[in-house]
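Fold and geometry: a report
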Amino acid sequence: MAVLVGKKAPSFKATAVVNGGEVINDFSLDQFIGKKYVILYFYPADFTFVCPTEIIAFQDKLSEFEKRNTAVVGVSVDSEFSHWKWLQTEKKDGGIKGVKYPLVADISKTISENYDVLAGSYEYDDDGNVSFLGTPLAYRGLFLIDKQGLVRHQVVNDMPLGRSIDEALRILDALQFFEENGEVCPADWHKGDKAMKPTQDGVASYLAGH
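To keep things clear, this report deals only with the structure shown in the data block. Quick caveat, the model's predicted, so the values are computed rather than measured. (Residues numbered from 1 in each chain as written. Predicted model: local features only at pLDDT ≥ 70, side-chain atom pairs only at ≥ 80, totals over all residues. Heavy atoms only, no water.)

Quick notes on the overall build of the chain
For the chain, the helix and strand inventory stands at six helices and nine strands. Here the C-alpha atoms of the chain give a radius of gyration of 19 Å, agreeing with the 17 Å that 2.2 N^0.38 yields for 210 residues. Overall, the chain is about 60 × 45 × 30 Å in size when its C-alpha atoms are taken along their principal axes. Within the chain, buried positions represent 46% of all 210 residues. In the chain, the proportion of contacts linking residues at least 24 apart, taken out of those at least 6 apart, comes to 62%. Per element, the accessible surface of the chain, about 10800 Å² overall, is 52% carbon and sulfur. Averaging the coordinates of the 22 positive side-chain charges in the chain and doing the same for the 30 negative ones gives two points 8 Å apart. (Helix = DSSP H or I, 4+ residues; strand = E, 2+ residues; numbered from the N terminus. Rg over C-alpha atoms; globule rule 2.2 N^0.38 Å. Buried < 20%, exposed > 50% of the residue type's maximum accessible area, 1.4 Å probe, protein only. Contact = heavy atoms within 4.5 Å. Areas by Shrake-Rupley, 256 points an atom, 1.4 Å probe, with all protein chains shown as cover. Lys, Arg positive; Asp, Glu negative; His and termini not counted. Charge placed at Lys NZ, Arg CZ, Asp CG, Glu CD.)

This is the structure we're talking about:
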């Protein structure tokens, strides 16, 4: 698994469904550079099981991300047509109606490959024939991208393991606190907790208080 932390987030331009049903053909991460933080997350597939719980949970906390000047973007290897249909399906029928943030269509799987979350790889034989080894879906990858377009945090779960949206918010708070105050955030830090100066005296003072 590639470590993207500290590197520029791989850019892409793709079709996405936004605002719960509007299809746009040139959605790009570049629109956020210099303006917003981004939580970019991958999920395996539309019309599955763990996925709608995460997608809806991000929507339920969307106002919290927006308060932090952060865009939430979901990606799977499904088509925009599949995304659109799922977005029109009521929750009682297993759908995600009411989700407003962008869902990107990665049919070519290149975005998933570039973020190294694809659960398999393409192989070529001696005759140049291509086959896919593994599962042609994305693991549950999540990437926090800062306003300069750099990845500052990443986590990847296997497909059966749903993520914590509260943890994504906590990491976002920690990054923004560090940027604003220059202090670093210790284990299990939450907004409002004491942080520490990144010096030997700073850590000694912090530990002395615990």
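Still more ground to cover, so stick around.
Quick look at the packing of aromatic side chains
Using the criterion set out here, one finds 11 aromatic pairs in the structure. Between the aromatic rings of tyrosine 41 and tyrosine 43, the centroid separation amounts to 6.3 Å while the plane-to-plane angle is 40 degrees, which identifies the pairing as tilted. Given the relative accessible area of 0%, tyrosine 43 is considered buried. Pairing phenylalanine 42 with phenylalanine 143 gives two aromatic rings, centres 6.0 Å apart and planes at 85 degrees, and the pair type is edge-to-face. Note that phenylalanine 42 is positioned in strand β3 (residues 37–42) and phenylalanine 143 in strand β8 (residues 140–145), a separation of 101 residues in sequence. By relative accessible area, which is 0% here, phenylalanine 143 ends up buried. A network of ring pairs unites the aromatic residues Tyr41, Tyr43, Phe47, Phe58, Phe65, Trp86 and Tyr101 as a single cluster. (Phe/Tyr/Trp six-rings, centres within 6.5 Å; stacked < 30°, edge-to-face > 60°.)

Let's talk about the environment of leucine 137
Turning to its location among the elements, leucine 137 is positioned in strand β7 (residues 130–138). Since its relative accessible area comes to 23%, leucine 137 is described here as partly exposed. The sequence separation of leucine 137 and serine 112 amounts to 25 residues, and the corresponding C-alpha distance is 8.3 Å.

Here we look at the sheet that holds strand β2 (residues 22–28)
The pairing of strands in a sheet happens through backbone hydrogen bonds and is either parallel or antiparallel. In spatial order, the strands read β2-β1-β5-β4-β3-β8-β9; together these seven strands make up an open sheet with mixed pairing. Looking at which strands have only one partner, the edges of the open sheet turn out to be β2 and β9 (151–157). Neighbour-to-neighbour, the strand axes of this sheet turn through a mean angle of 25 degrees, independent of strand direction. Note that strand β1 (residues 13–18) and strand β5 (residues 103–105) share two bridges and pair antiparallel. When the bridges of β5 are listed, valine 17 appears paired with leucine 103. Packed on one face of the sheet, helix α1 (residues 50–60) meets β3, β4 (70–76) and β8 and runs near 20 degrees to β8. (Pairing = 2+ DSSP bridges. Axes fitted to C-alpha atoms, helices over the stretch in contact; angles between N-to-C directions.)

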